[in-house]
Amino acid sequence: MSSLNGAHVLVTRPQHQANNLCRLIERQQGIAVAFPTIEIVAANGRDRIAEVLANLHRFQWVVFISANAVNFALLANDGKIEQFSSVRIAAIGAATAKALAAAGLTADLEPAGGSDSRTLLAMPAMQQVSGQHILIVRGAGGLDTLREGLVNRGAAVDYLDVYRRTRPLADPAPVLDLLEQKRLGLIVATSGEALKNLLIILGEKGRNLALATSLIVVSGRIRQLAEDSGFERIYVTDSPSDTAILEKIITWATGEKSGRTE
């Protein structure tokens with residue numbers, strides 16, 4: 001793969017999620033600018049989380065909706081995994097399954113070719129949940145799509161909120177400086193929330209400059225949001241993995257960008 005030749009790339013992920021991608025960018029001689037517009041912190045109620053996980057025998061399934069859900073749940077549970085021997089585990093997304101494996105757990109159900117609730121709901125095992133008790137481990141205030149689908153099929157569903165998302169008080173000055181000097185070549189947005197927060201934090205002047213900058217997104221949903229926000233040079237990765245994002249960054253940096261939406 002070819003070098004990024006000193007290109008400045010803005011990564012809007014939370015810091016702990018941005019680290020690996022930033023390292024990959026720097027290995028290709030790019031300049032990674034980590035600018036977390038979302039902060040992910042442990043939810044209140046560690047004792048309750050530990051109590052629920054200590055009583056997993058009440059459930060037939062535990063569904064983890066993200067790697068963050070895995071990591072924060074086990075943090076509150078002091079890394080204990082013995083309780084999970086009595087339940088089947090479903091993981092939404094490859095990153096979630098990877099986090100489970102790192103903790104010593106195996107996902108009994110992992111949707112292939114998709115990373116959202118609808119993909120999980122379409123799987124045969126989730127079609128036959130009538131009378132079962134299911135625990136969804138998620139961030140506070142997560143979407144109810146999965147719960148609604150399971151309840152409609154006769155399951156009893158509980159939530160365990162193990163982390164929450166906030167907008168940090170980020171200092172926009174370094175990013176504004178790069179934008180004003182036309183030194184920022186590319187923005188990477190891996191969530192719609194992060195992209196929205198970025199434009200808010202930058203303010204009106206920074207927003208207009210950002211909209212004139214090339215943007216990489218990881219899904220059609222974020223692409224639609226970006227188009228609605230006014231971005232014109234949008235590039236969509238084939239996968240949300242760090243490797244796929246890096247490949248798209250290199251494609252952009254090596255002159256294959258055409259100045260139009262891909």
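Colleague: Got a minute to help me understand the pattern of salt bridges in this structure?
Modeller: If the charged atoms of two oppositely charged side chains come close together, the side chains can form a pair. One pass over the full model with this rule turns up seven salt bridges. Among the ionic pairs, D242 bridges to R13, the shortest N-O distance being 2.6 Å. Placement of D242 in helix α10 (residues 242-256) and of R13 in the loop between β1 (8-11) and α1 (15-27) is noted, with a sequence separation of 229 residues between them. D242 sits in the buried class, given a relative accessible area of 17%. R138 is the salt-bridge partner of D161, the closest N and O atoms lying 2.6 Å from each other.

Colleague: Help me out: how do you make sense of the side chain of T213 in this one?
Modeller: Here T213 lies in the loop between α8 (192-211) and β9 (214-217). At 3.1 Å, the side chain of T213 and the backbone oxygen of L209 are in polar contact. Among all residues touching T213, those that are not within four sequence positions of it are L179, L184, G185, L186, I187, F231 and R233.

About the criteria used
- Residues numbered from 1 in each chain as written.
- Predicted model: local features only at pLDDT ≥ 70, side-chain atom pairs only at ≥ 80, totals over all residues.
- Heavy atoms only, no water.
- Salt bridge = Lys/Arg side-chain N within 4 Å of Asp/Glu carboxyl O.
- Helix = DSSP H or I, 4+ residues; strand = E, 2+ residues; numbered from the N terminus.
- Buried < 20%, exposed > 50% of the residue type's maximum accessible area, 1.4 Å probe, protein only.
- Polar contact = N/O pair within 3.5 Å; in protein donor to acceptor, adjacent residues only side chain to side chain.
- Contact = heavy atoms within 4.5 Å.

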